[in-house]
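Examining the three-dimensional arrangement
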Amino acid sequence: MDILTKLMNYYSQNAAYVWAEIYRHFLMSAYGVLFAAIIGIPIGILIAKYSRLSPWVMSLVNVIQTIPALAMLAVLMLVMGLGTNTLVLSLFLYSLLPIVKNTYTGITEVDRTLLEAGHAMGMTRMQVLKMVELPLSLSVIMAGLRTALVIAIGIATIGTFIGAGGLGDIIVRGTNISNGTAIILAGAIPTALMAVLADFLMGWLERALSPANHKHLR
Amino acid sequence: MLTFKNVSKVYGKTKKAVNSLNLNINKGEFICIIGPSGCGKTTTMKMINRLIEPSEGHILIEGKDIMDQPKVKLRRDIGYVIQQIGLFPHMTIGENITLVPKLLQWPKEKRKARAEELIELVHLSKDYLDRYPQELSGGQQQRIGVLRALASNPPLILMDEPFGALDPITRDGLQEEFKDLQQRLGKTIVFVTHDMDEAIKLADRIVIMRDGEIVQVDTPDEILRNPANEFVENFIGKDRLIQTKPGVTKVGQIMNKVPATIHKEETLSTAIKQMKEKRVDSLLVIDHEHHLEGYIDVEDIEQNRKKSTTVSEIVETELYKVKENSLIRDTIQKMLKRHTKYVPVVDENNKLKGIVTRATLADLVYDSIWGEEESEEELTTLQ
Ligand SMILES: Nc1ncnc2c1ncn2[C@@H]1O[C@H](COP(=O)(O)OP(=O)(O)OP(=O)(O)O)[C@@H](O)[C@H]1O
Ligand SMILES: [Mg+2]
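Residues numbered from 1 in each chain as written. Chains lettered and ligands numbered in written order. Predicted model: local features only at pLDDT ≥ 70, side-chain atom pairs only at ≥ 80, totals over all residues. Heavy atoms only, no water.

**Describing the site of ligand 1**
Residues and elements named next belong to chain B. In plain terms, the rule: Nearness of a residue to a molecule or strand requires only that one of the residue's heavy atoms be within 4 Å of it. Two N or O atoms count as a polar contact when they lie within 3.5 Å, although within protein this holds only if one can serve as hydrogen donor and the other as acceptor, and sequence-adjacent residues are included solely when both atoms are side-chain atoms. Shrake-Rupley sampling with a 1.4 Å probe provides the accessible areas, and residues are treated as covered by the protein chains on show and by no other component.
With respect to spatial proximity, the complete set of residues near ligand 1 consists of Tyr11, Lys15, Ala17, Ser37, Gly38, Cys39, Gly40, Lys41, Thr42, Thr43, Glu161 and His194. At 3.4 Å, a side-chain N or O of Tyr11 approaches a nitrogen atom of ligand 1. One of the side-chain N or O atoms of Lys41 is found 2.7 Å from an oxygen atom in ligand 1. In isolation ligand 1 has 640 Å² of accessible area, and contact with the protein removes 60% of it.

If you want it as C-alpha cells, here you go:
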C-alpha cells in the first residue's frame, strides 16, 4: 500500500519527465528495429535466393545475438563513445537476427507451386518477389519485427549506462537510493507495459496480414 | 503451330528424361501426352514455355524458335494450368483471373470486363470475382485456374494433369465443360495426363511416351484399333481394346441422318400429322437454318391443343445432345442414365446433324452379332 502511494506520488510529481522518457525509450527501440528492418529484410530475401550464403549470414547474426547486452554496449562504446547512437546501434544489431531469420523463413516457405505459377504466367523475378513472395511472407516477416521490437524495448533499459536515457534512467535512479522500490517500479512498469502493448499490436497486424485471413480485411 | 525437333533433356550429367523427341502439333489441336510415371511428360511440357530449358534440339512456335524470344514474353503468350491449381491465396478470384492481362498492362476497365466475360464461360456468378480462392471448392478453383490461363486469349495452353486431383464426378464434369470450351475457342492444347479414359475422351491425338521417347502418336480411335506394340496394348488395357474392335466408335458413324423434324413455325396439327406419318411420338424442332431448338412430344401437344397453335409455343428446349465425334460408349451410358429414348446429334453451331435412338443402338448390336461371332459379350454390355 505504501509502495503504491509512493508510486502514484512519483508519477504525479514527475509526469512530464516520465512521459518524456517513455517517448524516448520507445523511439530508441523503434529506430533500432526500423534500421534493422531496412537492412535485415533485404538480407533475408537475398539469402533466401542465394541459399549458399544463408549458413554464413545466419551464423553471423546468431553470434551477434549471443553477445551479452552489456558486453556489446561496452565494445560499441569504445568505438562510438557514449550516447543514444551507440544504444540504437546495439538495438539494431540485436534486431537483425529475428528479422533476417523470419524474412528468410517466410520467403523460402512460400509454396513452390505458386512461384512456378507466377513464373509460368510470365512474371519477371522482381514481379514474383513483389506480387507473390513478399505478400505471402508478410505475416512471417511481421512476426520477426514483433519479436525484435519486444526484445529492443527490454534491452533499451540498459542504455542508461552509456547515457542514452530512456526508462532505464528511472530504474537506475531507484536502485541508487535506499527504499527506491517505488521508483524502480515507476520505470519498470511502463517498460513492461510498452513491451506487452507492442507485442499485442504487432500481433494483431501480423494476423491481419496473414493470407489466410485475407477475406476478413475488406 | 508447335514443333519439336530432336528435343532432348538431360538432367545432371546422365539422366536422359526426354530423348530426341520429334512432334508436330497443329493449330486448334487437342494433344494428350500420356505414359507411365517418370516417362518425361512434364519435362516435355515445361520445355515449351521454358520452365525447363531443352538440352538439345529446337522447339518452334509458329515457326519461331522459343529460345530466340524473351522468356517473359513467351510465357505471357502461353496459358498454363497445373494439377495443384496454384491460385494466389492473397488475391481475389478476379485478380487471379486477370493476372496475365495485368502483367501485359491492360487498363483496369478492360481487365474487369474480361474477368466478367470469363467467369460466365464456366457458369459461375460474378459475385465470385470478389471472393478469395480458399472460399471455393476444388472443382471451382480449377475452373478459375483454367480461366486464368485463358485470360489474355493465348493461342496455346499447357495443362499438367489439371483434373488429376479432383474427385471423379467433378472431373467428369470439368472434362466435358473444358472440351466444349476448347472447341468453341479454337485453342491448341497440350494436356498431360495418366488417365487413359481422359485422354480418349479429350484428345484429337494422343502421344504415348515411355522412357523419354514417343511410342505412338495417333487419334484415340487409331490407337485403340491399331496399338503400335505390346507396350501400348498393355497401357491401354485389354477391355478398351475389345470394346472397340468393331471399328465403330463415334456417334457420327451410326446416327440416323434423317431425324423426324418439324419447323418451329408450323402448327400443332401439322405436327400431329407428321408424327402419324413417320410413326414417332416426338419431333425435333428446328429453325430455318436447321438449328436445333428443342423437341415436342405427343403428350405436350395433347395438353396444349386448346391454348396453343404453333410449335414454337410449346417447344421443350431442355434436352441432352451430343456431337458427331462423341464416343458411342459415353453416349450409350448417358442415355441409359438419363432414361432418354433418343439423343439428337448437332455440330458446333447447334445445327442438327442426326439422331441416335435406342433403335439405332439395337441395330448396332445386331450388326455386331452377325458381323462377328464372338461379340456376344458386347450384346450384354450394350443392354
Ligand atoms: N529437376 C530434376 N532433376 C533431376 N531429374 C529430374 C528432374 N525432374 C525430373 N527428373 C527425372 O526425369 C524423369 C522425367 O520426369 P517428368 O517429371 O518429366 O516425368 P512425368 O512423366 O511427368 O512423371 P509423372 O507422371 O510422375 O508426373 C524422371 O525420371 C524424373 O525423376
Ligand atoms: Mg508429371
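**What to know about the sheet that holds strand β2 (residues 15-25) of chain B**
All names here are of chain B. Put simply, the rule is: By the convention used here, strands pair only if DSSP detects at least 2 bridges between them. The numbering of helices and of strands both runs from the N terminus, where a helix is a DSSP run of H or I of at least 4 residues and a strand a run of E of at least 2. Contacts are residue-level and defined by heavy atoms, with any inter-residue pair within 4.5 Å sufficient. Here the axes come from fitting lines to C-alpha atoms, over the contacting stretch only for helices, and the angles between their N-to-C directions go from 0 to 180 degrees.
Strand order in this open sheet of four strands is β2-β1-β4-β5, and the pairing throughout is antiparallel. Of all strands in the sheet, those with a lone pairing partner are β2 and β5 (64-65), marking the two edges. One ladder, built from five bridges, connects strand β1 (residues 2-11) with strand β4 (residues 56-61); its direction is antiparallel. Paired with Thr3 across the bridge in β4 is Leu60. Along the sheet face, helix α1 (residues 41-48) touches β1, β2 and β4 and points at about 120° away from the line of β1.

**Let's talk about the UniProt feature "domain: ABC transmembrane type-1" (unreviewed entry) in chain A**
For clarity, the threshold we go by: UniProt positions are given in the numbering used here, feature names are shortened, and annotations may be inferred rather than shown by experiment.
Residues given the UniProt feature "domain: ABC transmembrane type-1" (unreviewed entry) here are residues 22-202 of chain A. Secondary structure across residues 22-202 of chain A comprises 83% helix and 0% strand; the distance between its end C-alpha atoms is 19 Å.

**With respect to the UniProt feature "transmembrane region" (unreviewed entry) in chain A**
All names here are of chain A. Those places that UniProt annotates as "transmembrane region" (unreviewed entry) correspond, in this numbering, to residues 26-47, 67-94, 134-162 and 182-205. Note that residues 26-47 is 100% helix and 0% strand, and that its end C-alpha atoms are spaced 30 Å apart. For residues 134-162, the end-to-end C-alpha separation is 38 Å, with 76% helix and 0% strand making up the annotated structure.

**Some thoughts on the side chain of Arg114 of chain B**
For Arg114 of chain B, the position within the fold is in helix α5 (residues 108-121). A polar side-chain atom of Arg114 of chain B sits 3.1 Å from the main-chain carbonyl oxygen of Leu150 of chain B.

**Things to note about a nonpolar patch on the surface**
Using the following cut-off: For patches, a residue must show more than 30% relative accessible area and have no salt bridge; joins then use 9 Å for like charges and 5 Å for nonpolar side chains, namely Val, Leu, Ile, Met, Phe, Trp and Tyr. Take a side-chain nitrogen of Lys or Arg and a carboxyl oxygen of Asp or Glu: if they are within 4 Å of each other, that pair is a salt bridge.
Taken together, Tyr31, Leu34, Phe35, Ile38 and Ile39 of chain A make up a surface patch of nonpolar side chains, about 470 Å² in accessible area. The residue Phe35 of chain A is located in helix α2 (residues 15-49) in this model.

**Considerations on the packing of α5 of chain B against helix α6 (residues 138-150) of chain B**
All names here are of chain B. Basically, it comes down to this: In what follows, roughly perpendicular refers to angles from 65 to 115 degrees, roughly parallel to angles under 35, roughly antiparallel to angles over 145, and oblique to any angle outside these ranges. Less than a right angle of anticlockwise turn of the near helix away from the far helix marks a crossing as left-handed, whereas a clockwise turn marks it as right-handed. Polar here means any residue other than Ala, Val, Leu, Ile, Met, Phe, Trp, Tyr, Cys and Pro, which are nonpolar, and Asp, Glu, Lys and Arg, which are charged; Gly is therefore polar.
In contact at an axis separation of 10 Å, α5 and α6 are set at 130° when each is read in the N-to-C sense. Considering their axes alone, α5 and α6 lie oblique with respect to each other. You can see that α5 and α6 cross each other, and the crossing is right-handed. On α6, the residues that touch Arg114, Leu118, Ile119 and Leu121 of α5 are Ile144, Leu147 and Leu150. A per-class count over the contact of α5 with α6 returns six nonpolar, no polar and one charged.

**Quick word on the interface of chain A and chain B**
In plain terms, the rule: Accessible area that two parts lose when put together, evaluated with a 1.4 Å probe and summed over both, is termed the buried area.
Counting residues at the interface gives 21 residues for chain A, matched by 27 residues for chain B. The contact between chain A and chain B buries some 2000 Å² in all, and 67% of this surface belongs to carbon and sulfur atoms. Where chain A packs against chain B, one counts one salt bridge. Across the salt bridge formed by Lys46 of chain B and Glu116 of chain A, the nearest N and O atoms sit 3.1 Å from each other. Of all the elements in the fold, those that place two or more residues in the side of chain A that touches chain B are α6 (112-120), α7 (125-155) and α10 (214-217) of chain A. Top element by residues in the side of chain A that touches chain B is α6 of chain A. It accounts for seven residues. Its residues placed into classes, the side of chain A that touches chain B shows eleven nonpolar, seven polar and three charged.

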